Amino acid sequence: MDNVSAASPLLGQVLVVDDSPISTESVRQALQGDFSVATADSGEACLEALATGKNLPDLILLDIEMGGIDGFETCRRLRETHDIPVIFVTSHDDLPECIKAFDSGGDDFVVKPFDPEVILRKAQRIVQYHAVKKTLAAEKDTLNSMAMGFLRNLGDTGVLLNFMRSSLGVADYDELAKRLLEATASYGVRCHVQVRHATGSCTRTPTGSASPLEESVLEKSVSMGRIFQFSRRLVVNYDSVSILIIDLPDDQDEIGKLRDNIAILAETAEAIAETIAMRKESAARAEALQSAVSETANTVESVRQLYAKQQADARLSLETMIDNVETSYFNLGLTELQEARVSNILRNGTDHTLTLFEVGIELDQRLAHILDALCPRGVSSPQAE
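All values reported here derive from a predicted model rather than from experimental measurement. (Residues numbered from 1 in each chain as written. Predicted model: local features only at pLDDT ≥ 70, side-chain atom pairs only at ≥ 80, totals over all residues. Heavy atoms only, no water.)

**Q** Mind showing me how you'd approach the pairing of strand E10 (residues 227-230) here?
**A** Looking along a regular strand, one sees the side chains alternate between the two faces of the sheet. Across four bridges, E10 lies against strand E11 (residues 233-237) in antiparallel orientation. Residue pairing in the sheet places Gln 229 in a bridge with Leu 234 of E11. Count of turn residues in the E10/E11 antiparallel hairpin: two residues, of which Ser 231 carries a positive phi of about 55°. (Pairing = 2+ DSSP bridges. Helix = DSSP H or I, 4+ residues; strand = E, 2+ residues; numbered from the N terminus.)

**Q** Help me out: how do you make sense of the packing of helix H6 (residues 173-185) against helix H8 (residues 252-327) in this one?
**A** Running from amino to carboxyl end, H6 crosses H8 at an angle of 165°, the nearest separation of the two axes being 11 Å. Between H6 and H8, the interaxial angle falls into the category roughly antiparallel. In the crossing of H6 with H8, the sense of the turn from one axis to the other is right-handed. Note on element contacts: H8 touches H6 through Ile 262, Leu 265, Ala 269, Ile 272, Ala 273, Ile 276, Ala 277 and Lys 280, opposite Tyr 173, Leu 176, Leu 180, Ala 183 and Thr 184. Of the residues assigned to the contact of H6 with H8, the class counts are 11 nonpolar, one polar and one charged. (Axes fitted to C-alpha atoms, helices over the stretch in contact; angles between N-to-C directions. Parallel < 35°, antiparallel > 145°, perpendicular 65-115°, else oblique. Left-handed = near helix turned anticlockwise from the far one by under 90°. Contact = heavy atoms within 4.5 Å. Nonpolar A, V, L, I, M, F, W, Y, C, P; charged D, E, K, R; others polar.)

**Q** What am I meant to see in the sheet that holds E11 here?
**A** Through backbone hydrogen bonds, the strands of a sheet pair up, either in parallel or in antiparallel fashion. The strand order E9-E8-E7-E12-E11-E10 describes an open sheet built from six strands, whose pairing is antiparallel. Looking at the sheet topology across the chains shown, the edges are occupied by strand E9 (208-209) and E10. One ladder, built from five bridges, connects strand E7 (residues 191-197) with strand E12 (residues 241-245); its direction is antiparallel. Across the sheet, Val 195 pairs through a bridge with Val 241, a residue of E12. Taken strand by strand, helix H7 (residues 212-221) contacts E7, strand E8 (200-205), E9, E11 and E12, and its axis lies near 70° from that of E7. Its contacts with the sheet put H8 on E7, E10, E11 and E12, and the angle it makes with E12 is roughly 155°.

**Q** Would you mind showing me how to read the nonpolar core here?
**A** Here is a general trend for soluble globular proteins: nonpolar side chains tend to be buried in one another's company. If you look at the biggest cluster of nonpolar residues, it comprises 33 residues, and the most contacted ones within it are Phe 163, Leu 176, Leu 180, Ile 243 and Ile 245. Every element with two or more residues in this core is listed here: helix H5 (116-167), H6, E7, E11, E12 and H8. Tallying contributions element by element places H8 first for this core, with 10 residues. Not counting residues up to four positions away in its chain, the partners in contact with Ile 245 are Val 189, Arg 190, Cys 191, Arg 232, Arg 233, Leu 234, Leu 258 and Ile 262. Grouped together as the second largest cluster of nonpolar side chains are 22 residues, Ile 69, Ile 84, Cys 98 and Ala 101 included. (Core = buried A, V, L, I, M, F, W, Y, C linked by side-chain atoms within 4.5 Å. Buried < 20%, exposed > 50% of the residue type's maximum accessible area, 1.4 Å probe, protein only.)

See below:
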């Protein structure tokens, strides 16, 4: 293909493919005011020039009747690799020729001998149309890329939201590790996860519980910092949570997105692990408090029972004492008046003593109130047990 110097192109470059120098020169004269013009003298030369992929023309003016492969075959082969617009130049204006031109992939045609103004207008229109088409295609690709990025981000957010929704009520560290592993799998990578707690750790892999070696790798990776990448592996560490990616993708942009998503996921799991720890601590405190309440209730009930027994024993002891004294009057040789005085003294003392014990009724009521507070209705009291 011979490049011919011309004035600065306004609309682009045209490749004229024709084995007739006269026809080629006529096309050049018609277009060179608006295009730079290059030529090829056969279909084979045209395809060979385009095969390099360099300096591709914006339009091809293709003669149909040439030595070697004709214009129809040239256009068909051209369409296998390129989308460059083609205007056929033909000596025939019949319908079958026109249909064949379009079927082989042409965009338009002109009939020899052609009007220079007509061929110029056709060239201008097609080049401008394809320029707009390329712009729209590029904009479409950009919008598609943006939409796909939005959908990917939406999907990433959905993974995090699903993990949060399913894990907020989890009260077990092993279950948290299981949910975390499921979430990482949603990003299309294989991971090992570890959740550490006060009494040990839970480690999970895609195949189930981790082997001692796999647990050792995760335990050692904790000292590598918040985020550490080595070979095709990447580890994200928090105080209670570690996630080890064992098969990073090749694309650096994908690695960056994956690193950010896994870091957010690990941070969320860290917060949930802290919540589980607080729940377990609260449950332990509640259990200890319940034990203390139960012990206190038992003590209060024992005090009530001892006090009631003391009242009964004291009453019986005083009554027995009065009976013994009155029985011994005969042996003491007391007069009736003396016996009456002694009996009065004893009975008055007994009544006074029993009156003091009646104050214990208030104490018993207070103890009962304490028991009610310690063992609300519906909860078995120590006495009932």
